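# Report on the structure
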Amino acid sequence: MNEDEAYEYVKGTLKKERIVPYQPYELEVVKSVESCINCGLCINHCPVVAAVGLNRFSGPRSIAVELSRSPPEFWSTADTIYLCTGCGTCREVCPKNVDIPEVVNLIRARIFEHRPDLVPKGFSMIREVLTEHNLAFEPWADLEEKAESRDMRLEKLGLPYVEDRRTDTARVLFYPGCQAEERAQEVREAGKVILDYFDIDYTLLDEMSCCGLPAKLIGDNKTSRLLAEKMTEKVKKLGAEIVVTTCAGCTSNLSDLSHHYEWGIPTVHLLEFLVEMIGLERLREVMDHSPRQEQVHVTVHDPCHLIRHTSRQIMDHALDILRQLPGVRVTESNAIDSCCGGGGMVSYHSGDVANAVVRENLEAIHKTGAKKLVTPCPLCTAQIESNLFKAGSSVEVDDLTVFIAQRLPKKR
Ligand code: SF4
Ligand code: SF4
């Protein structure tokens with residue numbers, strides 16, 4: 001009997017008493033909660049509390065305190081647990097390293113398993129799509145229409161189309177993520193344009209499937225595990241040396257999967273790949289010949305899944321890259337690392353809360369005077385863009401992968 005089978009056996013025997021045993025990794029999370037000293041620092045930094053107030057979202061301290069006092073009664077936190085965006089700011093400021101985002105995931109998983117009636121109804125659609133298609137977004141029914149939409153976007157952005165590559169001998173696996181695969185197709189295409197420009201030996205998956213992060217955030221650990229195992233099988237079969245993504249959530253989740261399932265290869269965001277594998281010097285040489293030499297004033301948004309769940313260094317790389325692009329002037333806003341409200345699946349059931357979080361940042365974005373905001377994540381791009389638009393702002397938003405690809409000269 002392996003560890004998982006033993007866990008299922010023990011769980012089955014305790015089910016009648018409604019006692020739920022912990023997996024070893026869950027025990028670590030619960031232990032971290034028990035060290036909470038109730039200082040309240042986290043509340044002052046939580047973007048959801050700042051946006052909607054403690055009456056609507058009682059905040060990270062309440063999650064820590066309620067859970068530590070009554071571990072089996074996870075459902076007592078159900079009214080607030082789904083409003084956390086998982087930004088990780090509370091964990092960053094906590095003097096006791098309480099891992100609130102993981103606590104939230106753990107509670108959501110317990111609610112999903114034992115009190116499905118408390119799971120927000122807004123999750124039902126994405127659950128169906130995940131189960132049916134192994135993707136977080138419904139795939140296009142008509143592939144010709146999908147290609148037409150892609151081509152229209154590329155034409156508008158002035159990007160060339162690079163044929164999809166699928167081989168089983170490539171050194172790099174390019175994984176654009178569900179959103180870029182089915183919605184923000186320009187990000188997927190821009191990633192290919194960059195890799196192709198630098199003659200990188202890359203491949204796409206033969207069939208795209210979700211990394212499992214959305215299922216995990218919903219609390220559906222079974223689906224999340226299935227998708228993670230599917231991904232692991234594909235990565236190991238391909239034998240690539242590195243996974244490159246253009247999505248912040250995929251970067252952090254695939255890095256976790258790589259560690260957990262012992263892939264033996266790293267996952268990096270394309271920005272890291274550009275700086276560490278291609279180099280800023282080479283990029284500067286190339287960009288000297290960029291057809292886009294016009295002056296553009298930009299500001300930047302740091303995705304939580306990169307700076308707080310992976311590494312802050314990735315956004316240092318982003319700034320270094322922007323400095324190599326001709327005519328680009330960067331002004332950082334006071335809200336550069338504030339959550340955009342797009343995380344934690346909050347927008348699926350409480351769009352007003354997700355939007356209230358990003359609206360907190362709009363004034364700081366406007367204060368920079370920048371004409372454009374760039375960010376290396378299609379989810380953050382969509383969330384900020386729609387809210388700037390609703391606010392009547394003239395600030396445009398670009399995914400940073402697209403912004404870079406647009407400035408590459410024609411390939412010789
Ligand atoms: S900052 Fe950490 S120790 Fe302080 S209340 Fe929040 S979770 Fe508890
Ligand atoms: S992860 Fe972010 S949204 Fe969730 S409780 Fe912590 S600070 Fe608030």
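Since the structure is predicted, the reported quantities are computational estimates derived from the model, not experimental observations. (Residues numbered from 1 in each chain as written. Chains lettered and ligands numbered in written order. Predicted model: local features only at pLDDT ≥ 70, side-chain atom pairs only at ≥ 80, totals over all residues.)

Per the secondary structure count, the chain includes 22 helices and eight strands. Computed over its C-alpha atoms, the radius of gyration of the chain comes to 22 Å, within 12% of the 22 Å expected for a compact globule of 412 residues. By principal-axis analysis of the C-alpha atoms, the chain measures approximately 70 × 50 × 40 Å. When each of the 412 residues of the chain is scored for burial, the buried share is 46%. The contacts in the chain between residues at least 6 apart in sequence include a share of 77% that link residues at least 24 apart. (Helix = DSSP H or I, 4+ residues; strand = E, 2+ residues; numbered from the N terminus. Rg over C-alpha atoms; globule rule 2.2 N^0.38 Å. Buried ≥ 20, exposed ≤ 12 C-beta atoms within 10 Å, placed from the backbone. Contact = placed C-beta atoms within 7 Å.)

On to the sheet that holds strand 3 (residues 242-245), then. With respect to topology, four strands assemble into an open sheet ordered 2-1-3-4, the strand pairing being parallel. In the strand order of this sheet, the two ends are held by strand 2 (202-203) and strand 4 (267-269), each with one partner. When strand 1 (residues 172-175) meets strand 3, the two strands line up parallel, connected through four bridges. Residue pairing for strand 3: F174 is matched across the bridge by V244. (Pairing = 2+ DSSP bridges.)

Their axes nearest at 9 Å, the elements helix 17 (residues 280-287) and helix 19 (residues 313-324) cross at an angle of 30°. Our classification of the angle between helix 17 and helix 19 gives roughly parallel. The two elements helix 17 and helix 19 meet at a crossing, and its hand is right-handed. Between helix 17 and helix 19, the residues in contact are L280, L283, R284 and M287 and D320, I321 and Q324, respectively. Per-class residue counts for the contact of helix 17 with helix 19 are four nonpolar, one polar and two charged. (Axes fitted to C-alpha atoms, helices over the stretch in contact; angles between N-to-C directions. Parallel < 35°, antiparallel > 145°, perpendicular 65-115°, else oblique. Left-handed = near helix turned anticlockwise from the far one by under 90°. Nonpolar A, V, L, I, M, F, W, Y, C, P; charged D, E, K, R; others polar.)

A few words on the site of ligand 2. The immediate surroundings of ligand 2 are formed by 13 residues, with C46, P60, C84, C87 and C90 found nearest. Taken together, the elements giving at least two residues each to the shell around ligand 2 come down to helix 4 (47-52), helix 7 (89-93) and helix 8 (100-114). Within the shell around ligand 2, the residues separate by chemical class into nine nonpolar, four polar and no charged. (Near = placed C-beta within 6 Å.)

Time to look at the sheet that holds strand 8 (residues 396-399). Across the sheet, four strands lie side by side as 6-5-7-8; this open sheet has parallel pairing. Here the strands that pair on one side only, and so sit at the sheet edges, are strand 6 (328-330) and strand 8. Strand-to-strand, the axes of this sheet are offset by a mean angle of 35°, without reference to chain direction. With three bridges joining them, strand 5 (residues 296-300) and strand 6 adopt parallel strand pairing.

All right, on to helix 10 (residues 143-157) then. If you check helix 10, its first and last C-alpha atoms are 21 Å apart, about what 15 residues at 1.5 Å a residue would give, namely 21 Å. After helix 10 finishes, the residue G158 shows a positive phi value of roughly 70°. (Expected span 1.5 Å × (residues − 1).)

Our next topic: the site of ligand 1. Around ligand 1 sit 14 residues in total, of which C36, C39, C42, C94 and V98 are the nearest. If you list the elements that add at least two residues to the shell around ligand 1, you get helix 3 (41-45) and helix 5 (59-69). Among the elements that line the shell around ligand 1, the one with the most residues is helix 5, at three residues. Looking at side-chain class alone, the shell around ligand 1 contains 10 nonpolar, two polar and two charged residues.

The next subject is the nonpolar core. Core analysis: the largest hydrophobic core is formed by 110 residues, its most contacted members being V48, I100, V103, I194, C211, V357 and L373. Take this core: its biggest share by element is eight residues, from helix 8. Leaving out residues up to four positions away in the same chain, L373 has contacts with V298, T299, H301, I365, I384, V395 and V397. (Core = buried A, V, L, I, M, F, W, Y, C linked by C-beta atoms within 7 Å.)

This part takes up the domain arrangement of the chain. Structurally, the chain comprises domain 1 (3-119), domain 2 (143-278) and domain 3 (288-406). Contacts between the two partners involve 14 residues from domain 1, matched on the other side by 15 residues from domain 3. Of all the secondary-structure elements, those providing two or more residues to the side of domain 1 that touches domain 3 are helix 4 and helix 7. The element best represented in the side of domain 1 that touches domain 3 is helix 4, accounting for five residues. (Domains from an automatic or database assignment.)

Along helix 2 (residues 24-34), the residues that are buried comprise V29, S32 and V33. With its buried residues spanning 105° around the axis, helix 2 presents them on a single face. Structural note: helix 2 exposes P24, L27 and E28 on the side pointing more than 90 degrees away from its buried face. (Arc of directions from axis to C-beta.)

Here we take up unusual backbone geometry. With phi around 60°, N38 is a residue other than glycine that occupies positive phi space. Secondary-structure assignment places N38 in the loop between helix 2 and helix 3.

What follows deals with the pairing of strand 1. Note that strand 1 and strand 2 share two bridges and pair parallel. Bridged to V172 within strand 2 is Y202.

Here T77 shows up in the loop between helix 5 and helix 6 (78-81). On the basis of neighbour count, T77 is assigned to the buried category, with 23 C-beta atoms found within 10 Å. Sequence separation of T77 and E138 is 61 residues, and the distance between their C-alpha atoms is 31 Å.

On to the pairing of strand 8, then. Across four bridges, the pairing between strand 7 (residues 372-375) and strand 8 is parallel. By the bridge assignment, K372 is partnered in strand 8 with E396. Note on the crossover from strand 7 through helix 21 (residues 378-390) to strand 8: the handedness is right-handed. (Right-handed = clockwise from strand over helix to strand, strands pointing away.)

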